[in-house]
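So the chains spell out like this:
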Amino acid sequence: MTKETQFEPAYSYLHEICENLHIDFRYIEDIYIETGDFVKIEFMGTISKLELIRCLVKKLLSSLYSFPERETFQLCFVINEVCTNIIIHSYKTEIGKIVINMHKDGNLFEIKIKDSGKYGKMFYPELFTRFDLNYAVSIRKTNGFGVMLVNRIMDEVKYESFEGFDCNIIYMTKKLNGFNI
Amino acid sequence: MIELNGVLNADTASKLEFTINQILEKGLSPNILIDLKKLSFISSAGIGVFIGSISKIRGLGGDIRFCNAGDEIIEIFSFLEMENFFKFYPSYEEAINAFN
């Protein structure tokens, strides 16, 4: 991180969020942000860092794209869910890098999240396409809802895992309806 | 009544689950009102706590109900077709009256 990029607005948002969440600035030293035609956030993934990342995404979506709260909440929700699953299931006991890319193309919003967890290739998204609330309640199911929610919120979700490279990517798109772009 | 403050995510959901289990184990009222006024975010882990405990609570003749939920949070519940499965009330008073 160069001194010039430290003063990029995105980093000032990050510092502001740290102050609001009472987080030591050293905690965010690994976070890298780029903005321009796209937004890129790189960070070392831990569950405790996700709230900070969610607040940062929320701030960037509203300041760069002027998204209404409803869309912002849903997109932050999706990113939080995917990152949580990466940390828990792809990296498991390791702490690894997560790269979030966001891009608005006309009335489409694209999100790409990449990780290098070695267990990511063991994810089978087709197992999470059907949801039966009554069954989930009857067996007291407490997990697995995140993937279903991501599939329902986003218009398109695609997973790729590159054998031999420990590289897993999720591509998601959302049509932006009902508000001016 | 349980008032949630801040975020209910993978980090904090286990604490809520523990609290609900404590309520049930101590034989306290199985009617649980969750006040979401100060909740800024809920993840699937948080929703999982409610789905995981509701059958036991309703089996005891009780229920989990919500008050002061923001529209965005109710919409997340609706993505899993739960907006009618759980009851949401616009205020604490209306929720308490409904329980009575």
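Since the model is a prediction, treat every value here as computed from it, not as a measurement.

A. Examining the interface of chain B and chain A more closely. Facing 21 residues of chain B, the contacting portion of chain A comprises 27 residues. Mapped by element, the contributors of at least two residues to the side of chain B that touches chain A are α2 (44-59) and α3 (71-79) of chain B. By residue number, the principal contributor to the side of chain B that touches chain A is α2 of chain B, which donates 8 residues.

B. The arrangement of the confidence of the model for chain B in detail. Averaged over every residue, the pLDDT of chain B is 92; the share at 70 or more is 100%. Taken over the whole predicted complex, pTM reads 0.90, whereas the ipTM for its chain interfaces reads 0.90.

C. The packing of helix α1 (residues 13-25) of chain B against α2 of chain B, seen in detail. Residue and element names in this part refer to chain B. The contact between α1 and α2 brings their axes to 9 Å, and the two run at 20°. When the axes of α1 and α2 are compared, the pair comes out roughly parallel. The interaxial crossing formed by α1 with α2 has right-handed handedness. Contacts between α1 and α2 involve A13, L16, E17, I20 and L24 from the first element and A45, G46, G48, V49, S53 and K56 from the second. Classifying every residue of the contact of α1 with α2 gives 6 nonpolar, 3 polar and 2 charged.

D. Representation of the environment of E72 of chain B within the structure. Of note, E72 of chain B is situated in helix α3. On a C-alpha basis, the gap between E72 of chain B and I42 of chain B in space is 9.7 Å, while along the polypeptide they are 30 residues apart. In this view, E72 of chain B contacts E69, R70 and F73 of chain A; residues no more than four positions away in its chain are not counted.

E. Just the sheet that holds strand β2 (residues 31-42) of chain B, in detail. Residues and elements named next belong to chain B. An order of β1-β2-β3-β4 is seen for the 4 strands of this open sheet, with the pairing classed as parallel. Both edges of this open sheet fall to β1 (2-8) and β4 (87-89), since each of them pairs with a single strand only. Direction aside, neighbouring strands of the sheet carry axes that sit 35° apart on average. In terms of strand pairing, β1 meets β2 through 6 bridges, oriented parallel. Directly across from I2, in β2, lies its bridge partner I34. This element, helix α4 (residues 92-99), spans β2, β3 (63-67) and β4 of the sheet and lies at about 155° to β2.

Cut-offs used in this document
Residues numbered from 1 in each chain as written. Chains lettered and ligands numbered in written order. Predicted model: local features only at pLDDT ≥ 70, side-chain atom pairs only at ≥ 80, totals over all residues. Contact = placed C-beta atoms within 7 Å. Helix = DSSP H or I, 4+ residues; strand = E, 2+ residues; numbered from the N terminus. pLDDT = per-residue confidence, 0-100. Axes fitted to C-alpha atoms, helices over the stretch in contact; angles between N-to-C directions. Parallel < 35°, antiparallel > 145°, perpendicular 65-115°, else oblique. Left-handed = near helix turned anticlockwise from the far one by under 90°. Nonpolar A, V, L, I, M, F, W, Y, C, P; charged D, E, K, R; others polar. Pairing = 2+ DSSP bridges.

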